[in-house]
Amino acid sequence: QQHDDDDDDDDDEEEKFEVLVSVPEKALLCASRSQSKALSVELEDDSLCDALLREMKKNEAKEEEKSFWCAYVRTLPKEYDLIELWTDEEIEKLQIESAKATALELRLKVLASYERQRMKKRNDNDDISFTREEWAYAKATVRSRTVSVPWSSAGALAPIGDMFNYAPVGGFFGDDDDGENDDEKAKSACVSVGTGVWNESKNAFEFRGTLPKKFSSSRDSCELFMNYGAYTNLELLSLYGFHCGQNNPNDVIALDVPMKTTKTESSYQAKVIATSGALTFESERDLRLEYAVLASFKNSNDKHAQRAHTAAQRHSFSALASRGEQLSDASEINFCTAVRDAAGRALLSFATTAKQDCDALEEHFVRSRQDDATWRRTKLAIEYRLAVKRALQKTYRLYEKRMSGDG
């Protein structure tokens, strides 16, 4: 229904609900309810990988031996870009230590899983074996394409439903430097985002779409996305093999900020909201509190009185910091300086600058084969580290502005 009256603007917020795809339990590729009860969490995941690979082997067999899921198996990607599948050289291109550590940790988990299933097959006298590459492929498929079902922690593979692309709730954020005006950004960021849920009464997994009330079938068609969850870029890269770059409203990055106290100087791992460059509320509260206490510190020969004064100041400042209120001028300047300098040090620690990354992306598009795994992963790595650098640049500018009292 079309509304022309400005008074009806609130109606635009309301959405109509539609079930787009319903996949019954019998069509899900997953462990049965009875099997799941007898397996641990790790073995449930291994069992689903084993079932998937057996279906893939059936698909390679004669036509009369093919199973119910053969058509679905043929739709699966030939390869994935989850970071545990990357080569050492590709992982190094991420440049962020936490991302590189995550990739290596996931790789070790896949290897442990492979050895675990080999041992189980040997004990069960199972003559169907899989290569390490086949097992890694199955693990990537299960982790990136399963949906949640109540009886199995490993989830289930849902034909058709796993073809929806991802978008965060509310759509994507536009880049600062993309040259679009605000109206264009809002239009491009506004996408229809659905979700998936198990419907117990219908014994099926449903993919549900939510469309604005003004949506009309006469309008140009548009892609409907699904929201898999509120994930950071690193989580998306680890779970699904992609990320949203600078357009992820859920992205949070870590920033080591010096945490000075009256006794020691250590490092506090603050969390930065990537789209704004601001610290999260919790990180800002903790750091502002410590710097306020430090600014009010009074050295005294009476250590008992000194500790009592510090405790009283901490208690006094704590309520103010929790409400986000202004503390002392000196502590605010020291706090903003510490955050700005931490962002600057982080930017200087990278092997390349943001500009060099932009140039590398442009050159990469021109010279490389776009259907090659190395091409895709190099692009993902450069875009990932560029998004982190852009966030740190925002942090530097924001807290420098606050130091001058303009923030």
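To be clear, the structure that these remarks concern was listed above.
What you see is a predicted model, and the numbers here were worked out from it, not measured in a lab. (Residues numbered from 1 in each chain as written. Predicted model: local features only at pLDDT ≥ 70, side-chain atom pairs only at ≥ 80, totals over all residues. Heavy atoms only, no water.)

Asks: Pulling in residues and values, what's your account of the overall build of the chain?
Replies: Scanning the chain from N- to C-terminus turns up 13 helices and eight strands. Buried positions account for 41% of the 407 residues belonging to the chain. Long-range pairs, those at least 24 residues apart, make up 68% of the contacts in the chain with a sequence separation of at least 6. When the accessible surface of the chain is summed, it comes to about 22800 Å², and 49% of that surface belongs to carbon and sulfur atoms. (Helix = DSSP H or I, 4+ residues; strand = E, 2+ residues; numbered from the N terminus. Buried < 20%, exposed > 50% of the residue type's maximum accessible area, 1.4 Å probe, protein only. Contact = heavy atoms within 4.5 Å. Areas by Shrake-Rupley, 256 points an atom, 1.4 Å probe, with all protein chains shown as cover.)

Asks: A description of the nonpolar core should follow, citing residues and the corresponding values.
Replies: Grouped together as the largest cluster of nonpolar side chains are 37 residues, with contacts concentrated most on L255 and L287. Once you skip the residues sitting within four places of it in the chain, L255 turns out to touch Y268, Q269, A270, V272, V339, A342, A343, A346, L392 and T395. Counting 19 residues, the second-largest nonpolar core is a separate cluster that includes L76, Y114, Y137 and A154. (Core = buried A, V, L, I, M, F, W, Y, C linked by side-chain atoms within 4.5 Å.)

Asks: I'd love a proper account of the packing of aromatic side chains, names of residues and values included.
Replies: One pair of aromatic rings is described through two measures. These are the centre distance and the angle between the planes. Scanning all chains against the criterion turns up 13 aromatic pairs. Centre to centre, the rings of Y228 and F242 are 6.4 Å apart; their planes meet at 75 degrees, and the pair counts as edge-to-face. Of the two residues, Y228 is situated in the loop between β6 (224–226) and α8 (233–239) and F242 in the loop between α8 and β7 (252–260); the sequence distance between them amounts to 14 residues. Judged by relative accessible area, which is 25%, F242 ranks as partly exposed. Ring pairing ties together the aromatic residues Y166, Y228, Y231, Y240 and F242, which thus form one cluster. (Phe/Tyr/Trp six-rings, centres within 6.5 Å; stacked < 30°, edge-to-face > 60°.)

Asks: Lay out helix α11 (residues 329–348) in plain terms, naming residues and giving numbers.
Replies: For α11, built from 20 residues, the straight-helix expectation of 28 Å at 1.5 Å per residue is met to within 8% by its first-to-last C-alpha distance of 29 Å. Residues of α11 that are buried: S331, E332, F335, C336, A338, V339, R340, A342, A343, G344 and A346. (Expected span 1.5 Å × (residues − 1).)

Asks: Explain the pattern of salt bridges to me, and be specific about the residues and the numbers.
Replies: Two side chains carrying opposite charge are able to pair once their charged atoms lie near each other. Under the defined criterion, the tally for this structure stands at 32 salt bridges. A salt bridge links K139 to D46; the nearest nitrogen and oxygen atoms lie 3.4 Å apart. Remark: D46 occurs in helix α2 (residues 41–59) and K139 occurs in helix α6 (residues 132–145); sequence separation between them is 93 residues. The burial state of K139 is the same as that of D46; both residues are buried. (Salt bridge = Lys/Arg side-chain N within 4 Å of Asp/Glu carboxyl O.)

Asks: How would you summarise unusual backbone geometry if you had to cite specific residues and measurements?
Replies: With a phi angle near 75 degrees, I160 is a residue other than glycine that sits in the positive phi range. By the secondary structure assignment, I160 is in the loop between β3 (152–157) and α7 (182–189). Given the relative accessible area of 54%, I160 is considered exposed. Even without being a glycine, N203 presents a positive backbone phi close to 55 degrees.

Asks: Give a detailed account of empty space enclosed by the protein, specifying residues and quantitative values.
Replies: Applying the stated criterion across every chain yields a total of one cavity of 30 Å³ or more. Of the volumes computed, that of the largest cavity is approximately 60 Å³. Every residue along the wall of the largest cavity is listed here: G245, Q246, N247, N248, D251, A274, T275, A387, R390, A391 and K394. For the lining of the largest cavity, the residue count by class is three nonpolar, five polar and three charged. (1 Å grid on protein atoms, 1.4 Å probe; cavity = no way out; pocket = protein on both sides within 12 Å on 5 of 7 lines; lining within 4 Å. Points joined across faces, edges and corners; volume = space filled by probe spheres on them. Nonpolar A, V, L, I, M, F, W, Y, C, P; charged D, E, K, R; others polar.)

Asks: Run through the environment of F68, naming residues and quoting values.
Replies: By the secondary structure assignment, F68 is in the loop between α2 and α3 (70–75). For the pair F68 and A27, spaced 41 residues apart in the sequence, the C-alpha separation amounts to 8.4 Å. For F68, the residues in contact, after removing those within four places along its chain, are K26 and A27.

Asks: Can you explain the layout of surface pockets? Please cite residues and give values.
Replies: In this approach a probe as big as a water molecule rolls over the atoms, and the regions it shows empty are the leftover space. Of the voids in this model, the largest pocket is the one considered here, and its volume is about 1200 Å³. V142, R143, S144, R145 and Y240 are, among the 46 residues lining the largest pocket, the residues nearest its centre. Put simply, the parts of the chain that give the lining of the largest pocket at least two residues each are α2, α5 (97–123), α6, β2 (146–149), β3, β4 (192–199) and β5 (204–212). Per-element tally for the lining of the largest pocket: the top contributor is α5, with six residues. Across the lining of the largest pocket, the residue classes break down as 23 nonpolar, 14 polar and nine charged.

Asks: Would you mind going over α6 in detail, with residue names and values included?
Replies: With 14 residues, α6 should reach 20 Å at 1.5 Å per residue; the first-to-last C-alpha distance of 20 Å fits that figure. α6 sits mainly inside the fold: 10 of its 14 residues count as buried. Every buried residue of α6 is listed here: W135, A136, Y137, A138, K139, A140, T141, V142, S144 and R145. Among the structural elements, α2, α3, α5, β2, β3 and α8 are those in contact with the buried residues of α6.

Asks: I'd love a proper account of the environment of A167, names of residues and values included.
Replies: Take A167: it is sitting in the loop between β3 and α7. The exposure class of A167 is buried, given its relative accessible area of 0%. As for A167 and L224, which are separated by 57 residues in sequence, their C-alpha atoms are 9.1 Å apart.

Asks: Let's hear about the side chain of E25: which residues, and what values?
Replies: When you line up the elements, E25 lands in the loop between β1 (15–24) and α1 (33–37). Here N203 takes part through its side chain, which lies 3.1 Å from a polar atom of the side chain of E25. If we ignore the near neighbours within four places in the chain, the residues touching E25 are R33, W151, W198, N203 and A204. (Polar contact = N/O pair within 3.5 Å; in protein donor to acceptor, adjacent residues only side chain to side chain.)

Asks: So what's going on with the pairing of β2? Which residues, and what values?
Replies: Along any regular strand the residues' side chains alternate between the sheet's two faces. Across the two faces of β2 the burial differs, with V147 and V149 buried and T146 and S148 not buried at all. Between the antiparallel neighbours β2 and β3 lie two residues. (Pairing = 2+ DSSP bridges.)

Asks: Which residues make up the packing of α5 against α6, and what values do they have?
Replies: If you want to describe how two helices pack, look at the angle between their axes and the distance between the axes. Interhelical geometry of α5 versus α6 gives an angle of 115 degrees and a closest axis separation of 10 Å. Regarding α5 and α6, the two cross each other, and that crossing is right-handed. Residues L106, V110, L111, S113, Y114, E115 and Q117 of α5 form the contact with α6, whose participating residues are R132, W135, A136, K139 and R143. Across the contact of α5 with α6, the residue classes tally to six nonpolar, two polar and four charged. (Axes fitted to C-alpha atoms, helices over the stretch in contact; angles between N-to-C directions. Left-handed = near helix turned anticlockwise from the far one by under 90°.)

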